[in-house]
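Geometric and topological summary
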Amino acid sequence: GDPSSSSSASPSLSPSSDSSRPLCIHFLFASPICEQGSVERLPELDAHAEFRAVEDAVHRSGVSQHVHLDVSVATADLFSRLGTSSPLVPHGRGWWHISAHCEPQSGHLVLEDEDGCAHRIPAVASSLGLIRPPVGAVVLACSSA
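These lines cover the structure that appears in this document, whether it is placed above or below. (Residues numbered from 1 in each chain as written. Predicted model: local features only at pLDDT ≥ 70, side-chain atom pairs only at ≥ 80, totals over all residues. Heavy atoms only, no water.)

This brings us to the nonpolar core. Grouped together as the largest cluster of nonpolar side chains are 14 residues, with contacts concentrated most on Leu28, Ala74, Phe79, Trp96, Ile98, Leu109 and Leu111. Elements represented by at least two residues in this core include exactly α2 (76-83), β4 (94-103) and β5 (108-112). Sorting elements by how many residues they give to this core places β4 first, with four residues. The contact partners of Ala74, leaving out residues within four places of it in the chain, are Leu28, Phe29, Ala30, Phe79, Leu111 and Glu112. Ala47, Val58, Val67 and Val71 belong to the second-largest nonpolar core, a separate cluster that totals eleven residues. (Core = buried A, V, L, I, M, F, W, Y, C linked by side-chain atoms within 4.5 Å. Buried < 20%, exposed > 50% of the residue type's maximum accessible area, 1.4 Å probe, protein only. Helix = DSSP H or I, 4+ residues; strand = E, 2+ residues; numbered from the N terminus. Contact = heavy atoms within 4.5 Å.)

What follows is the structure in structure tokens.
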């Protein structure tokens, strides 16, 4: 499994209320290469290893036929699009697995912008303005940024 592509997989989570549609787990990772306007590199997260662990857990659970695993770079724009998607959009709503840096003192997650630089957002879900929040979320964030 490569975090740059999508694949089918499935954890031991129940599919959404419509059992004909698979549950989607959005693996959202952000490991910005630098601060905006700086050439100083930020510590790199091992998103590939984390993705493989999630993918392995999904397969070991025995329900991979009921889950779709989608991999994307975590950006504020993507959070907004996922959080406003129609229930009819395939794989729009589901579980979010977020892997990113954080700043505990400010309460911000460090996502990426369109150039791969750091983009901070409040880690409080209500501040994201999501119309259709995920069914659930796992946030793994370290304070190394």
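We now examine α2. For the α-helix, the turn length of 3.6 residues means that residues three or four positions removed from each other point alike. Inspection of α2 places Leu78, Phe79, Leu82 and Gly83 among the buried residues, and these make up the whole buried set. Buried residues of α2 fall within an arc of 125° about the axis and therefore sit on the same side. Looking at the buried positions of α2, the neighbouring elements they touch are β2 (23-29), β3 (67-73), β4, β5 and β6 (118-122). (Arc of directions from axis to C-beta.)

So, about the environment of Val71. Within the fold, Val71 resides in strand β3. Separated by 44 residues in the primary sequence, Val71 and Phe27 have C-alpha atoms spaced 4.8 Å apart.

Another point: the pairing of β5. Counting buried positions along β5 gives four out of five residues, so the element sits mostly inside the fold. Pairing of β4 with β5, which is carried by three bridges, proceeds in the antiparallel orientation. Its bridge partner lying in β5, Glu103 is registered against His108. The antiparallel hairpin formed by β4 and β5 contains four residues in its connecting segment, where Gly107 sits at a positive phi of about 75°. Bridge count between β5 and β6: five bridges; the pairing is antiparallel. What sits directly across from Leu111, in β6, is His119. (Pairing = 2+ DSSP bridges.)

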